[in-house]
Amino acid sequence: MSAPLIKTGMSAPLIKICGLTEEDGLDAAVEAGVDMIGFVFFPRSPRAVTPAQAAELLDGVPYPDEGGPLRVGLFVDPDDATLEAVFNAVRLDLIQLHGNETPERVEAVRFEFGCEVMKALPVGGPADLAAVGAYADVADRLLLDARPPADADRPGGNAQAFDWSLLEGWESPVPWMLAGGLTPETVEAAVRLTNAPGVDVSSGVERLPGIKDPERIARFVRAVRGV
Ligand SMILES: O=C(O)c1ccccc1NCC(=O)[C@H](O)[C@H](O)COP(=O)(O)O
């Protein structure tokens, strides 16, 4: 039996399940008590939902002030109209910007929509961490995700892990989450190595792209929480 993942006095990493498209997966995430549920508003993704679909899925899900998870809307270089369409349909607690948004765009979105922003940053090597500073000044949270493969048709959700040892001893000026290729089998090692205060998963808890596996969600949560 390995030592408990959570050192005494250390709070468990936050858990985000991303790319939810159907009720079984959403119910499993909510019942497991995850901290964030993510909905992808990027049409080329196999996990894409429309604002109306997101609203239907979220109908009946407890709000954060009722003990429910934070609702995260995921966008890639969205224009204001795209963001408005989602905000007119659902209440988001966090906007995740997963494209090439500049720090200035991040700040503008945060101000215009009055919503916290998590900026995803691609990591393929040590040089990529240099971008943290400029975004930490404007974003509420950072998501460190594997830089997508050259032939990828989307900037995230590619089941690709980066070299987590890049983050050994690394500290962020703002709250951050680790993403990219995490699974119920690997997340414990990833957290031990990086001391990530949050973890985000999509592919690793699916049986098919966009179709979550409730048992893998439960296993992922147990692995993170050491239960
Ligand atoms: O999940 C997608 O399909 C996606 C599409 C376009 C931009 C971002 C996307 N996902 C972003 C996420 O937050 C994922 O959870 C993250 O990239 C990790 O994905 P995975 O490696 O599949 O666990």
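Residues numbered from 1 in each chain as written. Predicted model: local features only at pLDDT ≥ 70, side-chain atom pairs only at ≥ 80, totals over all residues. Heavy atoms only, no water.

Note the following rule: UniProt positions are given in the numbering used here, feature names are shortened, and annotations may be inferred rather than shown by experiment.
Under an unreviewed UniProt entry, the chain has the name N-(5'-phosphoribosyl)anthranilate isomerase and belongs to Pararhodospirillum oryzae. As stated in UniProt under Catalytic activity (unreviewed entry), the record for the chain gives "N-(5-phospho-beta-D-ribosyl)anthranilate = 1-(2-carboxyphenylamino)-1-deoxy-D-ribulose 5-phosphate".

1. Details of the overall build of the chain
The condition that has to hold: The secondary structure listing takes helices from DSSP runs of H or I that are at least 4 residues long and strands from runs of E that are at least 2 residues long, numbered from the N terminus. Both definitions apply: the radius of gyration is a C-alpha atom measure, and the globule rule equals 2.2 Å times residues to the power 0.38. Accessibility here uses a 1.4 Å probe with only protein chains present; expressed as a share of the type maximum, an area under 20% marks a residue as buried, one over 50% as exposed, and anything in between as partly exposed. We get accessible surface area from the Shrake-Rupley algorithm with a probe of 1.4 Å; when it comes to residues, only the shown protein chains can shield them. None of His or the chain ends enter the tally, which takes Lys and Arg as positive and Asp and Glu as negative. A charged residue contributes its charge at one atom only: NZ of Lys, CZ of Arg, CG of Asp or CD of Glu.
A count of helices and strands for the chain gives seven helices and 10 strands. The C-alpha atoms of the chain give a radius of gyration of 16 Å, which matches the 17 Å a tight globule of 227 residues would have. Projected onto its principal axes, the C-alpha positions of the chain cover 50 × 40 × 35 Å. Across the 227 residues in the chain, those meeting the buried criterion constitute 50%. Surface summary for the chain: the accessible area is close to 10,300 Å², and the carbon and sulfur share equals 51%. In the chain, which carries 19 positive and 35 negative side-chain charges, the distance between the mean positions of the two groups comes to 5 Å.

2. Overview of a negative patch on the surface
Applied cut-off: The patches described consist of residues with a relative accessible area above 30% and no salt bridge, like charges being joined within 9 Å and nonpolar side chains (Val, Leu, Ile, Met, Phe, Trp, Tyr) within 5 Å. Counted as salt bridges are all cases of a side-chain nitrogen of Lys or Arg within 4 Å of a carboxyl oxygen of Asp or Glu.
A cluster of acidic side chains, namely Glu-23, Asp-24, Asp-27, Glu-31, Glu-56 and Asp-59, defines a negative patch on the protein surface. By residue number, the principal contributor to the negative patch is helix α1 (residues 23-31), which donates four residues. Taking the relative accessible area as the measure of exposure, Asp-27 reaches 34% and is therefore partly exposed.

3. Structural notes on unusual backbone geometry
Although it is not a glycine, Asp-77 sits at a positive phi angle of roughly 45°. Relative to the helices and strands, Asp-77 resides in the loop between β3 (70-75) and α3 (80-87). On the accessibility criterion, Asp-77 (40% relative accessible area) is partly exposed. Positive phi outside glycine occurs at Asn-195, with the angle close to 55°. The residue Asn-195 is located in the loop between α6 (187-194) and β8 (198-201) in this model. Taking the relative accessible area as the measure of exposure, Asn-195 reaches 45% and is therefore partly exposed.

4. Examining the site of the ligand
Rules: What makes a residue near a molecule or strand is one non-hydrogen atom of that residue sitting within 4 Å of it. As used in this structure description, the phrase polar contact means that two N or O atoms lie within 3.5 Å; if the pair is within protein, one of them must be able to donate a hydrogen and the other to accept it, and residues adjacent in sequence are counted only when both atoms belong to side chains. Note on residue categories: nonpolar means Ala, Val, Leu, Ile, Met, Phe, Trp, Tyr, Cys or Pro, charged means Asp, Glu, Lys or Arg, and polar means any other residue, Gly included.
In the vicinity of the ligand, 24 residues are found, and the nearest of them are Ser-45, Asp-145, Gly-181, Asp-200 and Ser-203. Between the ligand and the protein, one listed contact pairs an oxygen atom with a side-chain N or O atom of Arg-47 at 2.9 Å. At a separation of 2.8 Å, an oxygen atom of the ligand approaches a polar backbone atom of Gly-157. When contributions to the shell around the ligand are tallied by element, the ones reaching two or more residues are β6 (141-146) and β8. Among the residues making up the shell around the ligand, the classes are represented as eight nonpolar, 11 polar and five charged.

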